[in-house]
Amino acid sequence: MDTGVRAEGAGGTADRTTLLLAVGDVVFLAGLVLVGQLSHGVTPIEQPVAALETVAPFVLGWLLVAAIAGLYTNAGAVATSVPRTARTTAVTWIAAANVGFILRNGLFGESTLWPFPLVMTGFGLLVLVGWRVGYAVFADSSGRP
């Protein structure tokens, strides 16, 4: 009972686990994109619009596909099983990365050079699956959802 927190809004209720996972997903994904930008000489503080235009399509793609995949509606069940977490997060990210590339090219008019989809998908898998599996191990060992 200590994990339930009601959040009134469009969807009904949200608990701490769901909020933690959603915030963690966005932070890790945005961090991945921003580290990539820094490695290419783009400073997010000096060029905030460029940083936002790169982060936004992937965060939007992730949130959309994660919602469809049930990562936030069934967060407690997904977050405590390591194999299920790894599998669900990996499949969700591969789909979300493709949605992000479509949004990036369509809405934001950014062209994508060939290695970028491979790098973004690969590092996204490492970061998101790593974060989610780490949380699942912690939740499983502490008995938390």
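Our subject is the structure that appears above.
A short tour of the structure in this document, coming up. Remember, predicted model here, so these are calculated numbers, not experimental data.

1. Let's talk about the pattern of salt bridges
Thinking step 1. Taken as a whole and judged by the stated rule, the model has one salt bridge.
Thinking step 2. The partner of arginine 132 in a salt bridge is aspartate 25, with the nearest N and O atoms 2.6 Å apart. Of this pair, arginine 132 sits in helix H5 (residues 115-142) while aspartate 25 sits in helix H1 (residues 16-39), and the two are 107 residues apart along the sequence. Both residues of the pair, arginine 132 and aspartate 25, count as buried.

2. Side note on the side chain of threonine 54
Thinking step 1. Within the secondary structure layout, threonine 54 lies in helix H2 (residues 48-69).
Thinking step 2. On the basis of relative accessibility, which here comes to 13%, the residue threonine 54 falls in the buried class.
Thinking step 3. Beyond its immediate stretch of four places on either side in the chain, threonine 54 contacts Val33, Gln37 and Arg104.

3. Examining the packing of H2 against helix H4 (residues 82-106)
Thinking step 1. Interaxial distance between H2 and H4 falls to 7 Å at its minimum, and their mutual angle equals 135°. Put simply, H2 runs oblique to H4. Of the two elements, H2 crosses H4, and the hand of that crossing is right-handed. Note on element contacts: H4 touches H2 through Thr89, Thr92, Trp93, Ala95, Ala96, Ala97, Val99, Gly100, Phe101, Leu103 and Arg104, opposite Thr54, Pro57, Phe58, Leu60, Gly61, Trp62, Leu64, Val65, Ala66 and Ala69.

4. Comments concerning H1
Thinking step 1. Counted at 1.5 Å a residue, the expected span for H1 with its 24 residues is 34 Å, and the 34 Å between its end C-alpha atoms agrees.
Thinking step 2. Within H1, burial applies to Thr17, Thr18, Leu21, Gly24, Asp25, Leu29, Ala30, Leu32, Val33 and Gln37.
Thinking step 3. Where H1 begins, the side chain of aspartate 15 points an oxygen toward the backbone nitrogen of threonine 17, at a separation of 3.2 Å.
Thinking step 4. Glycine 41 lies just past H1 and shows a positive phi near 85°.

5. Brief notes about H4
Thinking step 1. For H4, with 25 residues, the first-to-last C-alpha span of 35 Å sits near the 36 Å given by 1.5 Å per residue.
Thinking step 2. Among the residues of H4, those classed as buried are Thr85, Thr88, Thr89, Thr92, Trp93, Ala96, Ala97, Gly100, Phe101 and Arg104.
Thinking step 3. Capping the start of H4 is the job of one residue whose side-chain oxygen sits 3.3 Å from the backbone nitrogen of arginine 84: serine 81.

6. Description of a nonpolar patch on the surface
Thinking step 1. Together, Val119, Phe123 and Leu126 line one region of the surface with nonpolar side chains, adding up to about 300 Å² of accessible area.
Thinking step 2. Among the structural elements, leucine 126 can be located in helix H5.

7. Description of the packing of aromatic side chains
Thinking step 1. All chains considered together, the criterion is met by seven aromatic pairs.
Thinking step 2. Ring geometry for phenylalanine 58 versus phenylalanine 116: centroids 6.0 Å apart, planes at 75°, classification edge-to-face. Taken together, the positions of phenylalanine 58 in helix H2 and phenylalanine 116 in helix H5 put the pair 58 residues apart, joining distant regions of the chain.
Thinking step 3. On the numbers, 6.4 Å between centres and 55° between planes, the contact of tyrosine 135 with phenylalanine 138 is tilted. Of this pair, tyrosine 135 and phenylalanine 138 are both found in helix H5, three residues apart, which corresponds to roughly one turn of the helix.
Thinking step 4. On the basis of relative accessibility, which here comes to 40%, the residue phenylalanine 138 falls in the partly exposed class.

The rules we used
Residues numbered from 1 in each chain as written. Predicted model: local features only at pLDDT ≥ 70, side-chain atom pairs only at ≥ 80, totals over all residues. Heavy atoms only, no water. Salt bridge = Lys/Arg side-chain N within 4 Å of Asp/Glu carboxyl O. Helix = DSSP H or I, 4+ residues; strand = E, 2+ residues; numbered from the N terminus. Buried < 20%, exposed > 50% of the residue type's maximum accessible area, 1.4 Å probe, protein only. Contact = heavy atoms within 4.5 Å. Axes fitted to C-alpha atoms, helices over the stretch in contact; angles between N-to-C directions. Parallel < 35°, antiparallel > 145°, perpendicular 65-115°, else oblique. Left-handed = near helix turned anticlockwise from the far one by under 90°. Expected span 1.5 Å × (residues − 1). Polar contact = N/O pair within 3.5 Å; in protein donor to acceptor, adjacent residues only side chain to side chain. Patch = residues over 30% accessible without salt bridge, like charges linked within 9 Å, V, L, I, M, F, W, Y side chains within 5 Å. Areas by Shrake-Rupley, 256 points an atom, 1.4 Å probe, with all protein chains shown as cover. Phe/Tyr/Trp six-rings, centres within 6.5 Å; stacked < 30°, edge-to-face > 60°.

Read these as layout, nothing more, since geometry by itself doesn't imply function.
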